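Remarks on the overall topology
This is what each chain is made of:
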Amino acid sequence: MLIHTASTITQRFRWQFLYLNLMKSMTRLFTLLIACIFYVSGTKAQVAKTQVVQLTATANADGTITIKWTKEIYSGNFKVYHRNFSHNNNVWSSPDATLAGTENSWTDASAVVGTDREYLVTKVNGTTTEALGYIYAGNRFSPAPTKGGIILLIDSSYIKALSKEINTLYSDLYATGYFPSIIFVGRKEKPEAVKTQIKSFVDKSPYRPKAIYIVGHVPVPYSGYFSSNGDRPPPDGHVEGSGNHTGAWPADLYYGDLEGFWSDQTVNCTTAGDPRNYNVPNDGKFDQSTVDNPIELEVGRIDMFGMDQFSKNDTLLVKEYLNRVHNFRLGNMHFRRRGLIDNNFTGLNLASTGYHNIPCFVGLDSFSDAVDYFTEQNSGSYLWSYGCGAGSYNSCNGIGTSTDFLNSKGKFNNAFTMLAGSFFGDWDSKNNLLRASLAAGSLASCWGGIPKWYLHHMAMGVNIGYGAKITQNNANDYFNGNFNGAWNGVFIALMGDPTLTMLQVSPPSNLVVTENLGATSLKWNASKEKVDGYAIYRIDETKQEWREVSSYCPASTNTTTDTFYTDFCRSTPLGNNQGKFVYAVRAFRWETTGSGSYRNLSMATVGQTITTNTNTPGLNHISVYPNPTQGQVTVAGLLSETTCEIQVLTTSGQTLQRYKGVTSDTGEYRFNLSQISEQLLLIQINQAGRTFTQTVNLTHN
């Protein structure tokens with residue numbers, strides 16, 4: 001039974017842990033039964049599909065948001081909940097609506113333009129919740145441009161070999177809103193020593209980073225007591241006598257836990273079929289099977305070590321991956337906005353990860369579960385795919401093998417894939433299937449379904465590392481699938497760049513920043529794509545913030561459709577008046593996905609200027625009146641009987657009118673703005689080498 005309320009969620013997990021304690025003394029048969037615990041009564045052909053309310057959302061012109069799901073004749077009800085999305089808010093509203101089982105949509109009339117909310121829709125028969133779905137939806141929502149700090153934890157063997165690619169990665173992340181730092185790590189270091197370096201860096205940093213991006217064969221932490229006699233069975237169910245996939249598994253999230261305690265004294269398990277998974281006291285492998293402390297940092301890894309089928313040179317494979325991601329960010333790689341699900345475990349709920357996420361990305365009508373994984377992606381491109389079946393380290397029944405990925409290299413056209421099956425979730429194995437997808441051409445992959453993964457926030461521009469982290473920390477926030485007690489497992493890992501977002505916009509380029517009479521002029525080359533405009537920022541590296549122009553210059557607009565802009569407030573009391581000014585310009589497009597609409601920002605083109613120019617103190621007494629005005633304007637406080645030049649500009653820096661004349665004997669100059677249609681204007685006065693800028697509000701009868 002699926003349960004969704006706050007009180008019953010707690011009861012559900014108490015029930016789950018009781019079963020886990022019983023597992024320690026049960027036989028192989030009981031473990032196999034646990035693997036099938038979510039067979040629906042009367043076992044239907046597509047268990048995963050029946051347990052998901054597949055959701056999509058539409059952003060309406062009036063600001064409201066309409067949630068939709070598949071039409072069916074159902075004797076029970078659908079209930080809709082929402083919560084205002086934040087990274088620390090997990091409280092759902094009381095039901096916003098209780099709908100008849102024949103309904104398949106609901107409109108949130110309280111939503112307005114700019115809204116972003118997470119919705120939960122449950123399918124309820126009496127007191128039993130038979131299916132549920134989550135979606136993060138928005139209506140012309142604008143994500144924050146600042147992404148926070150990120151640690152690039154890089155294999156030191158790449159310092160020379162991949163110096164160009166590392167520099168490009170650093171620049172790309174900075175241009176995406178991150179503030180990167182690099183820590184080089186030797187392959188033979190102990191995970192504990194690597195963790196010490198991370199913590200030392202974080203403790204000295206004024207701002208805690210958001211993520212860790214592992215590049216290369218940085219030492220792999222192992223942790224866990226996965227056994228029929230241990231804390232939990234192996235997440236794929238292969239206990240002693242049934243595959244022997246026991247002991248410790250790779251645990252990259254260890255690097256993302258800055259506060260928790262990881263012990264290495266108690267577990268003694270050598271029943272694994274591969275000695276790599278043995279775990280004995282004081283061997284450098286940790287005891288924990290679950291996340292005891294919430295993972296603080298998003299973690300993703302690109303590691304091609306041991307992928308000898310593709311190349312014995314892991315450096316080459318990592319180089320190819322980094323170049324591919326760079327091209328993706330530049331908007332040079334395009335994938336059709338569609339998805340596929342190839343479900344070869346129809347009696348289990350693993351594919352619910354696919355049925356939940358993919359409609360949120362591409363809509364209900366743009367994915368199929370009646371196609372073959374490799375056939376489709378070798379002949380046409382897919383933004384998302386999901387596949388599951390009985391597996392080994394490098395195979396998935398009904399999907400294919402690592403060799404199939406090798407043979408597909410160069411024609412495998414997929415951006416993001418999720419795969420589930422036995423063994424290959426233990427990713428630090430030779431020619432591993434998850435990593436083979438990256439070697440063939442994918443940008444990111446995960447072991448999706450063991451447990452259930454939640455990546456649906458990506459449909460509104462959120463990066464994939466966020467979804468990995470909430471999946472790792474998911475004890476009772478989202479339904480987890482209850483597959484072999486896999487929730488909160490230390491093995492949950494993201495293969496690929498954790499900063500990746502789903503859709504890219506081709507960026508502008510070649511930003512030139514110059515000083516001009518006390519103002520800062522910006523010019524750049526347009527995006528190669530059709531875009532809706534450009535957003536203008538100043539980057540405060542000290543505070544690790546991207547500041548939109550209006551944050552320090554309220555009279556200015558944050559965006560323009562031109563390829564030039566003038567910052568007139570750089571030298572006003574609202575901004576700093578001297579020093580280094582770092583500017584960034586990002587193209588944007590109003591993106592429509594299966595979850596609504598949001599402003600999708602490109603990477604930035606970045607430039608800077610160093611200046612000591614300020615407004616001339618002798619002109620600080622100048623005034624422009626009346627303000628607001630219906631057209632006639634007087635500038636007072638100028639030097640008397642002296643030539644002055646006046647420019648009337650839009651807030652984006654476009655010149656509308658110019659005046660040049662001699663002031664009166666009282667130091668005044670008059671001109672008329674009545675022929676101008678814009679409402680908010682900038683008046684720039686130049687006299688005797690001195691500059692003054694004033695905002696004027698022009699009203700129209």
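Residues numbered from 1 in each chain as written. Predicted model: local features only at pLDDT ≥ 70, side-chain atom pairs only at ≥ 80, totals over all residues. Heavy atoms only, no water.

Attention now moves to the sheet that holds strand β33 (residues 643-649). Across the sheet, 4 strands lie side by side as β34-β33-β36-β37; this open sheet has antiparallel pairing. Each edge of the open sheet carries a strand with a single partner, namely β34 (655-662) and β37 (690-697). The average angle at which neighbouring strand axes cross in this sheet is 20°, direction not considered. (Pairing = 2+ DSSP bridges. Helix = DSSP H or I, 4+ residues; strand = E, 2+ residues; numbered from the N terminus. Axes fitted to C-alpha atoms, helices over the stretch in contact; angles between N-to-C directions.)

Strands sit in the order β31-β32-β35 across an open sheet of 3 strands; the sheet is antiparallel. Each edge of the open sheet is held by one strand with a lone partner, namely β31 (623-625) and β35 (669-672). With strand direction ignored, the average angle separating the axes of adjacent strands in the sheet is 20°. Taken together, the 3 bridges between β31 and strand β32 (residues 632-636) define a ladder with antiparallel strand orientation. Bridge pairing in β32 places Ser623 opposite Ala636.

A separate point is the confidence of the model for the chain. Confidence in the prediction of the chain, expressed as mean pLDDT, is 88, and 89% of residues score 70 or more. In this model, residues 1-44 is a region of pLDDT below 50 whose contacts with residues beyond four sequence positions or in other chains number 76 contacts. Every residue in residues 612-620 scores below 50 in pLDDT, and together they form 17 contacts with partners more than four places removed in sequence or on other chains. (pLDDT = per-residue confidence, 0-100. Contact = heavy atoms within 4.5 Å.)

This brings us to the side chain of His245. Residue position: His245 is located in the loop between β11 (222-226) and β12 (247-250). At 2.9 Å, the side chain of His245 forms a polar contact with the side chain of Asp426. The contact partners of His245, leaving out residues within four places of it in the chain, are Pro234, Asp236, His238, Asn277, Tyr393, Phe423 and Asp426. (Polar contact = N/O pair within 3.5 Å; in protein donor to acceptor, adjacent residues only side chain to side chain.)

For the rest of this paragraph, the subject is the nonpolar core. Within the largest apolar cluster, 123 residues are counted, with the highest numbers of intra-cluster contacts made by Leu153, Trp384, Phe405 and Phe416. With residues near it in sequence (within four places) discarded, Phe416 still touches Phe328, Leu383, Trp384, Ser385, Ala444, Met458, Ile464, Leu500, Thr501 and Met502. Counting 19 residues, the second-largest nonpolar core is a separate cluster that includes Phe78, Ala97, Ile135 and Ala137. (Core = buried A, V, L, I, M, F, W, Y, C linked by side-chain atoms within 4.5 Å. Buried < 20%, exposed > 50% of the residue type's maximum accessible area, 1.4 Å probe, protein only.)

Running from amino to carboxyl end, helix α4 (residues 163-175) crosses helix α6 (residues 314-329) at an angle of 30°, the nearest separation of the two axes being 10 Å. Overall, the two elements α4 and α6 adopt an arrangement that is roughly parallel. Taken as a pair, α4 and α6 cross one another with a handedness that is left-handed. Contacts between α4 and α6 pair Glu165, Thr168, Leu169, Asp172 and Leu173 from the former with Lys319, Leu322, Asn323, His326 and Arg329 from the latter. (Parallel < 35°, antiparallel > 145°, perpendicular 65-115°, else oblique. Left-handed = near helix turned anticlockwise from the far one by under 90°.)

Only one face of strand β5 (residues 105-108) is buried: it carries Trp106 and Asp108, and the other face, with Ser105 and Thr107, is open. Across 4 bridges, the pairing between strand β2 (residues 65-69) and β5 is antiparallel. By the bridge assignment for β5, Thr66 is matched with Thr107.

Before going further, it helps to spend a moment on the packing of aromatic side chains. As enumerated under the stated definition, the model contains 35 aromatic pairs in all. A ring pair is formed by Tyr174 and Phe179, whose centres lie 6.1 Å apart and whose planes are at 85°; its orientation type is edge-to-face. Judged on exposure class, the residue Tyr174 and its partner Phe179 are both buried. Considering the side-chain rings of Tyr373 and Phe374, the 5.2 Å spacing of their centres and the 80° angle between planes classify their relative orientation as edge-to-face. The two residues Tyr373 and Phe374 agree in class, both being buried. Note that Lys195 overlies the ring of Tyr254, its terminal NZ or CZ placed 3.7 Å from the centroid. Over the aromatic face of Trp546 sits the side chain of Arg586, whose NZ or CZ is 5.0 Å from the ring centroid. (Phe/Tyr/Trp six-rings, centres within 6.5 Å; stacked < 30°, edge-to-face > 60°. Lys NZ or Arg CZ within 6 Å of the ring centre and 35° of its normal.)

The end-to-end C-alpha separation of α6 is 23 Å, in line with the 22 Å expected for 16 residues at 1.5 Å each. Buried within α6 are the following residues: Asp314, Thr315, Leu317, Val318, Tyr321, Leu322, Arg324, Val325, Phe328 and Arg329. Residue Asn313 occupies the N-cap position of α6, its side-chain oxygen lying 2.9 Å from the main-chain nitrogen of Thr315. Directly beyond the C-terminal end of α6, a positive phi value near 80° is found at Gly331. (Expected span 1.5 Å × (residues − 1).)

Right, let's talk about unusual backbone geometry for a bit. Cis rather than trans, the peptide bond between Ile450 and Pro451 has omega equal to 0°. Tracing the sequence through the fold places Pro451 in the loop between β21 (444-447) and α11 (464-472). Tyr625 connects to Pro626 through a cis peptide bond whose omega is -10°. Counting through the fold element by element, Pro626 comes out in the loop between β31 and β32. Located in the positive-phi region is Asn244, a residue other than glycine, with phi close to 50°. Position of Asn244 relative to the elements: it lies in the loop between β11 and β12. You can call Asn244 partly exposed: its relative accessible area is 24%. Unusually for a residue other than glycine, Glu641 sits at a positive phi of about 50°. Note on placement: Glu641 falls in the loop between β32 and β33.

Glancing now at a nonpolar patch on the surface. A grouping of Ile159, Tyr170, Ile182 and Phe184 is seen on the molecular surface, where their side chains present a nonpolar patch of about 310 Å² in accessible area. Among the structural elements, Phe184 can be located in strand β9 (residues 178-185). Looking at Phe184, the relative accessible area reads 33%, which means it is partly exposed. (Patch = residues over 30% accessible without salt bridge, like charges linked within 9 Å, V, L, I, M, F, W, Y side chains within 5 Å. Areas by Shrake-Rupley, 256 points an atom, 1.4 Å probe, with all protein chains shown as cover. Salt bridge = Lys/Arg side-chain N within 4 Å of Asp/Glu carboxyl O.)

Our next topic: the pattern of salt bridges. Under the definition given, this model contains 25 salt bridges. For Asp252, the salt bridge is made with Arg301, and the minimal N-O distance between the two is 2.7 Å. Placement of the pair is Asp252 in the loop between β12 and β13 (298-302) and Arg301 in strand β13, with a sequence separation of 49 residues. As far as the burial class goes, Asp252 and Arg301 line up, both buried. Residues Arg276 and Asp274 are paired through a salt bridge, measuring 3.2 Å at the closest nitrogen-oxygen approach. The exposure class of Asp274 is partly exposed, given its relative accessible area of 25%. Linked by salt bridges that have partners in common, Arg337, Glu529, Arg589 and Glu591 make up one network.

Moving on: α4. Over its 13 residues, α4 runs 18 Å from end to end, which matches the ideal 18 Å to within 8%, given 1.5 Å per residue. Within the span of α4, buried status applies to Glu165, Ile166, Leu169, Asp172, Leu173, Tyr174 and Ala175. Gly177 occupies a position one or two residues after α4 and carries a positive phi of about 110°.

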